[in-house]
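Working through the structure, step by step
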Amino acid sequence: MTALALTSSLILMLMLRQRIVIMLGFAAAFSYLAWGDGEISYVVLDMWAAADQEVLLSIPLFILAGNIMSRGSIARRLIAIMREATNGIPAGLGIATVLSCAFFAAISGSSTVTLIAVGSVMYPALLDAGYTKKYALGALCAAGTLGIIVPPSIPLILYGVMTETSIADLFKAGVGPAILLTLLMVTYSVIVNWGMPRAKFSGRAVLKALKGGIFALFMPVLILGGIYAGWFTATESAAVAVFYAVIVELFIHRDLTITELKGTAVETATMMGSLFPLLMMALSINTFMSYEQVPHALVELMSTWISDPTSFLLITLGLLLIVGFFMDIGSAILIIAPLLIPIAIAQNIDPVHFGIVMIANLELGYLTPPLGLNIIVAMTAFGEDFWVIAKAVIPFLLLMLVGLLIITFVPELSLFLVN
Amino acid sequence: MELARKFLDNALKVEKFITLSAFVVMTLVIMGDVFSRKITGLGIIGAPRIAVFAMIITALVSFGLASDKRRHLRPKFADDWLPESWDPILIRLQELMTAGFCLVFAVVAVGVVAETYALEETSRMLRIPVWPMQALIPLVFFIAALRHAIYGVFLNLRPTVEDASGIESVPQSDGVKVSEESAT
């Protein structure tokens, strides 16, 4: 009866167009009142405890670093390198598009920003070079999604926070799957565009492009290399990223002014304003559920149906695919990860590997109607019809599904750097 | 209404200043800690705690920035469940409900802060009382309550949709920051 009251209230709030943060806050308060000690003040205490974590520092700082780097001419510089480096190869421009997205994603940490930044240059270039509109749209939308699995990635950090998994390990584990997905897209690009005219390769042009973009290329190397070598923690690497981005954009590329830097910081803070209260409320519900041993009960319940890791992983894949249709990745991780992780651990699945599976799975949600964010953004950015783009991404979606299955059932692909 | 507009403008200015300063502190303190550790072998005492407090300040204060840009995530799929002609009243209700929740949380948070003050809780590393930091929670919720109440009463002061496509608002983090109008 109490559960029904909570569900009805949430549906009513949904109809009254409430924000998720308010709905989560209500759910947390209701849970403490109805099933806990009757004290709403625990929600506030949980919120404080949720925010008071060093590990969270990496989120605003990585977002800030990505935003700073995305403001300047990084995309143009990276694209120049990739274009020059792939000249002479069959489907060179297609490969350059995918690689530009992968590298830019590693810097910006954002799928949609990657799509816009790379797409604004590469979409017209691909069409001019004779590539089909279907391929161009599909490649940009799909390769744009690499941003959430290529480290440093905010969804990976969120998963780490919600499940108490090492963020440094998650970053290392993201490398293999990111390379796999990139390779799959590159291979597909070569196969479907084999007959496209090739530009002439010039070593001198590559060197010139490298000179202009070397600092952008170096950023992911610095971050991942620094973490891997033990120079700094994942949290500290975020501050290093901000520092590096400011130095490069302000003094080397000189693409950013102090005023723009301030604007970028405010923009980043605005993003935090929508993310952090949500995170705090979600962690409050998480704390309540742990206190009431909900995950434990869930594990017991599920263990009667699920006998082996394979069936659990298959059920999870199906569930997350459906979730990806209707929910944004941040909310999905905040709400679902804490529920699934105890079951995954009970099935002897490595939590780091499970995190990668979850993120790679939710990544598909960027390309699936009705709420595929990359489709919506591409629609606005390239002025194309929603369903034209939705159809264009289908081959890539299938490729990514193949990639997802490999990532899911070959844990070594994710864990080889971690172990 | 002029007073309400002035309040919103000034609150925004203060929020921007505080979040900017907190970002500078966060970055410099952690960088200083890393450099100091590499050069002298010793980190700055309490640096991570200072950075965490700066982050909490940013996280809480920026709630208002997100409200000002209508960036709080909102599930949109149920928007058609009620007749379109109800929209004006629904918008008011949405804002006033948000204001009500924020007010309740603010009042509850005052109690929590009072308890922390009475218990004389201190940060172990920095040896400073925790309650002034915690006091930000009720303050932020009070301001949010006031802000959304103003939006509910004076609809023309409510921010217009800034980025329906979510283009500007999606970082990262993706999925993490989706504009309110393009949300889940």
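Only a predicted model underlies this, so the values are computations on that prediction, with no experimental measurement involved. (Residues numbered from 1 in each chain as written. Chains lettered and ligands numbered in written order. Predicted model: local features only at pLDDT ≥ 70, side-chain atom pairs only at ≥ 80, totals over all residues. Heavy atoms only, no water.)

Listed as interface residues are 77 residues of chain A and, on the opposing side, 74 residues of chain B. Summed over both sides, the interface of chain A with chain B buries roughly 6600 Å², with 75% coming from carbon and sulfur. Of all residues in chain A, the largest losses of buried area upon contact with chain B belong to Arg17(A), Arg19(A) and Trp48(A), amounting jointly to 15% of the total for that side. Our count for the chain A to chain B interface comes out at six salt bridges. Note that Arg17(A) is salt-bridged to Asp87(B), the shortest N-O span being 2.8 Å. There are 14 residue pairs in polar contact (both at pLDDT 80 or more) connecting chain A and chain B. The greatest single-element share of the side of chain A that touches chain B, amounting to 17 residues, is contributed by helix H13 (residues 258-291) of chain A. (Contact = heavy atoms within 4.5 Å. Buried area = accessible area lost by both parts, 1.4 Å probe. Salt bridge = Lys/Arg side-chain N within 4 Å of Asp/Glu carboxyl O. Polar contact = N/O pair within 3.5 Å; in protein donor to acceptor, adjacent residues only side chain to side chain. Helix = DSSP H or I, 4+ residues; strand = E, 2+ residues; numbered from the N terminus.)

Bringing the layout of surface pockets into the picture now. One way to see where empty space is left: roll a probe the size of a water molecule over the atoms. Residue and element names in this part refer to chain A. Space inside the largest pocket adds up to approximately 800 Å³. Leu10, Leu24, Ala27, Met327 and Ile335 are the residues nearest the centre of the largest pocket, which is lined by 27 residues in total. Where the lining of the largest pocket is concerned, the elements lending two or more residues are helix H1 (2-15), helix H2 (20-34), H13 and helix H16 (329-346). Here the lining of the largest pocket takes six residues from H16, the largest share from any one element. Taken together, the residues of the lining of the largest pocket break down into 22 nonpolar, five polar and no charged. (1 Å grid on protein atoms, 1.4 Å probe; cavity = no way out; pocket = protein on both sides within 12 Å on 5 of 7 lines; lining within 4 Å. Points joined across faces, edges and corners; volume = space filled by probe spheres on them. Nonpolar A, V, L, I, M, F, W, Y, C, P; charged D, E, K, R; others polar.)

What follows deals with a negative patch on the surface. Where like charges cluster on the molecular surface, the negative patch consists of Asp37(A), Glu39(A), Glu292(A), Glu115(B) and Glu121(B). Inspection of the secondary structure puts Glu115(B) in helix H3 (residues 87-119). (Patch = residues over 30% accessible without salt bridge, like charges linked within 9 Å, V, L, I, M, F, W, Y side chains within 5 Å. Areas by Shrake-Rupley, 256 points an atom, 1.4 Å probe, with all protein chains shown as cover. Lys, Arg positive; Asp, Glu negative; His and termini not counted. Charge placed at Lys NZ, Arg CZ, Asp CG, Glu CD.)

The next thing to look at is the side chain of Glu15(B). All names here are of chain B. Inspection of the secondary structure assignment puts Glu15 in helix H1 (residues 2-40). On the basis of relative accessibility, which here comes to 7%, the residue Glu15 falls in the buried class. When near neighbours in sequence (up to four residues on either side) are disregarded, Glu15 contacts Val61, Gly64, Leu65, Ile143 and Arg147. (Buried < 20%, exposed > 50% of the residue type's maximum accessible area, 1.4 Å probe, protein only.)

Across all of its chains, the model carries 13 salt bridges over all chains by this definition. Residue Glu95(B) is joined to Arg19(A) by a salt bridge in which the shortest nitrogen-to-oxygen separation is 3.1 Å. Placement of the pair is Glu95(B) in helix H3 and Arg19(A) in the loop between H1 and H2, with the two residues belonging to separate chains. For Glu384(A), the salt bridge is made with Lys133(A), and the minimal N-O distance between the two is 3.2 Å. Placement of Glu384(A) in the loop between helix H18 (373-382) and helix H19 (386-392) and of Lys133(A) in helix H8 (residues 133-144) is noted, with a sequence separation of 251 residues between them.

Right, let's talk about a nonpolar patch on the surface for a bit. Side chains of Ile214(A), Phe215(A), Phe243(A), Ile247(A), Phe251(A), Ile252(A), Phe35(B) and Ile39(B) sit close together on the surface and give an oily, nonpolar patch of about 720 Å² of accessible area. When residues of the nonpolar patch are traced back to their parent elements, those giving at least two are helix H11 (203-229) and helix H12 (234-252) of chain A together with H1 of chain B. A per-element tally of the nonpolar patch places H12(A) first, with four residues. A relative accessible area of 32% places Ile247(A) in the partly exposed class.

This part is about the environment of Leu126(A). Residue and element names in this part refer to chain A. Inspection of the secondary structure assignment puts Leu126 in helix H7 (residues 111-128). For Leu126, a relative accessible area of 0% puts it in the buried group. Separated by 33 residues in the primary sequence, Leu126 and Leu93 have C-alpha atoms spaced 6.8 Å apart. Residue contacts for Leu126: discarding those within four places in its chain leaves Leu93, Gly94, Thr97, Tyr131, Tyr135 and Ala136.

This part takes up helix H3 (residues 41-51) of chain A. Judged by how many residues are buried, H3(A) sits mostly within the fold: eight of eleven residues are covered. When H3(A) is considered as a whole, its buried residues turn out to be Ser41(A), Val43(A), Val44(A), Asp46(A), Met47(A), Trp48(A), Ala50(A) and Ala51(A). Residues of H3(A) that are buried sit in contact with H2 and H13 of chain A together with helix H2 (47-68), H3, helix H4 (131-134) and helix H5 (136-153) of chain B.

Any functional reading would require information beyond the geometric quantities listed.
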